[in-house]
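Given next are the chains, with one letter for each unit.
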Amino acid sequence: MNNENMIIIGAGAAGLCAAIVSARVGKRVVLLEQNNKIGKKILVSGNGKCNIDNKYINTNRFHSQDPDFIEEVLNGYDFEVVEKFFTSIGLELVEGKEGKMFPMSLQASSVVELLEYEAKRVGVQIICDCAVTSIDKSADTFTVETTQGTKTSTKLLLASGSPAAPQLGGSNSGYAFATKMGHTLIPRHPSLVQLCSEESWVKSASGVKVAGLAKLYANGEYITEKKGDLLFANYGISGLAILDLSREVSTRLANFDYCELNLDLMPELSKEKLTNLLLKRIKEGSEKPLNLWLQGVINKKLIAIIVEQSRCKAKTEKELNRKEINKIVHAIKNLKLSINDTKGFLGAEVATGGINTTEVNPQTMESKLVPNLFFAGEILDVDGDRGGFNFHFAWVTGIRVNKPLH
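Worth saying up front: this structure is predicted, and the values here are computed from it rather than measured.

Colleague: Which residues make up the overall build of the protein chain, and what values do they have?
Modeller: In terms of regular secondary structure, the protein chain is built from 14 helices and 24 strands. Relative to its full complement of 406 residues, the protein chain shows a buried share of 53%. For the protein chain, restricting intrachain contacts to residue pairs at least 6 apart in sequence, the fraction spanning at least 24 positions comes to 72%. Carbon and sulfur atoms make up 49% of the accessible area of the protein chain, which amounts to about 18,100 Å² in all.

Colleague: So what about helix 6 (residues 173–180)? Which residues, and what values?
Modeller: Listing the buried residues of helix 6 in full gives Gly174, Tyr175, Phe177 and Ala178. One face of helix 6 carries all of its buried residues, which in axial projection span an arc of 165°. Check the buried side of helix 6 and you find it contacts strand 8 (132–138), strand 11 (155–158), strand 12 (185–186), strand 22 (354–355) and strand 23 (373–375). At the C-terminal side of helix 6, Gly182 shows a positive phi close to 105°.

Colleague: Talk me through the nonpolar core; I want residue IDs and the actual numbers.
Modeller: Among the nonpolar cores identified, the biggest contains 77 residues, and Ile42, Phe86, Leu115, Ile135 and Trp395 are the most heavily contacted of them. It is helix 1 (residues 13–24) that provides the largest number of residues to this core, a total of 9 residues. In this structure, Ile135 is in contact with Ile9, Phe142, Thr143, Val144, Leu156, Leu158, Phe177, Lys180 and Met181, ignoring residues within four places of it in sequence. Counting residues in hydrophobic clusters, the runner-up holds 45 residues, among them Val249, Ala314, Ile325 and Ile328.

Colleague: Would you mind going over the packing of aromatic side chains in detail, with residue names and values included?
Modeller: What the rule picks out here adds up to 6 aromatic pairs. Taking 5.7 Å as the distance between ring centres and 55° as the angle between the ring planes, the aromatic pair formed by Trp201 and Phe232 counts as tilted. Linking Trp201 in helix 7 (residues 201–204) with Phe232 in strand 16 (residues 221–233), this pair joins segments that are 31 residues apart in sequence. When its relative accessible area of 1% is taken as the criterion, Phe232 is described as buried. Members of the aromatic cluster, each reached through a chain of ring pairs, are Phe85, Phe86, Phe391 and Trp395. Above the ring of Trp293, the side-chain terminus of Arg281 is found at 4.8 Å from the ring centroid.

Colleague: Account for the side chain of His183, naming residues and giving values.
Modeller: With respect to the element layout, His183 can be found in the loop between helix 6 and strand 12. Among the polar contacts listed, one links the side chain of His183 to the side chain of Ser367, at a separation of 2.7 Å. Other than its neighbours up to four places away in sequence, His183 contacts Ala178, Ile355, Glu359, Ser367, Leu369, Leu373 and Phe375.

Reading the values: the criteria
- Residues numbered from 1 in each chain as written.
- Predicted model: local features only at pLDDT ≥ 70, side-chain atom pairs only at ≥ 80, totals over all residues.
- Heavy atoms only, no water.
- Helix = DSSP H or I, 4+ residues; strand = E, 2+ residues; numbered from the N terminus.
- Buried < 20%, exposed > 50% of the residue type's maximum accessible area, 1.4 Å probe, protein only.
- Contact = heavy atoms within 4.5 Å.
- Areas by Shrake-Rupley, 256 points an atom, 1.4 Å probe, with all protein chains shown as cover.
- Arc of directions from axis to C-beta.
- Core = buried A, V, L, I, M, F, W, Y, C linked by side-chain atoms within 4.5 Å.
- Phe/Tyr/Trp six-rings, centres within 6.5 Å; stacked < 30°, edge-to-face > 60°.
- Lys NZ or Arg CZ within 6 Å of the ring centre and 35° of its normal.
- Polar contact = N/O pair within 3.5 Å; in protein donor to acceptor, adjacent residues only side chain to side chain.

Written out as structure tokens, the structure is:
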């Protein structure tokens, strides 16, 4: 047993993992959590199934102002390292789509309960309903004032997350303590978040879900595109493709750029194929109203919007010709939606930005400015794509706090 003791602030993925690994190497660990229970974000992830990691870890699935830091942190710490950690606490994993890894039970609660059991088994003291009010460092001791009294330690780990999902305990508290101790912050914006639009038509399309392709334009310039579900809502648009685009949108909106989405509602059909399909459907002399005719191929809630954006002049099937069909096809494959906001941190799964990683040792997660101060997880300026990548970064930084590579 060594004489080091460590206080960890935040019992999320990074904090729990770090607590277990630290206690296993002999440190006396106290884990402080402001919520009334641990692992709240873990419990809701993957719709309660917990998308715990991704089998195919690649540095290009992570974002930071300091990409070299990501390279160094992940070097030698791929999915197998995390899988080994979970096997050691008695959790088996199974693979889903796109390399997403889940607990075999498909229950997020089993992840939290096994982490909690292991933490207590190795001697971690977990204190819930314990908010930190101030942190001071003098000589070799951190003094942490909390709503449950004063705690002291020789080592301190900030794993307090980001402002994303405040309803689950997301907050800025860790940043405040870190900046007070001399660290700098990269601006934080919501990511993996729904997008808002002021256009009135989205309300009439609310509830419609299509497998589509969303292209993002900022100030008229093409930025990027993502394929996947598009889900229209009263406030704007959501769905997997939108969540995947949202990091870029968030950053652009913070810059006051004009953001517009170009939505392809039928990406599986080329322009030519869709044009030919529609031309073949025209029955000569048919009085069928255009709106009803289009219900044969597209969700009726979207028809009025498509017709309006296409500026199609035909009112009935018999008035359709190649020119009018081309207009309709163009609207189906290029539906325009301006974006004026996101659903903010309340709707976000993660946040961009955080503690400037140039001030942190990627081997050990120790601060380069304050000896024996460590960081893990989302508090750092690293955010990952959807699909288990954010969890991977949390587990790896938690493990690294005590297992530097030599």
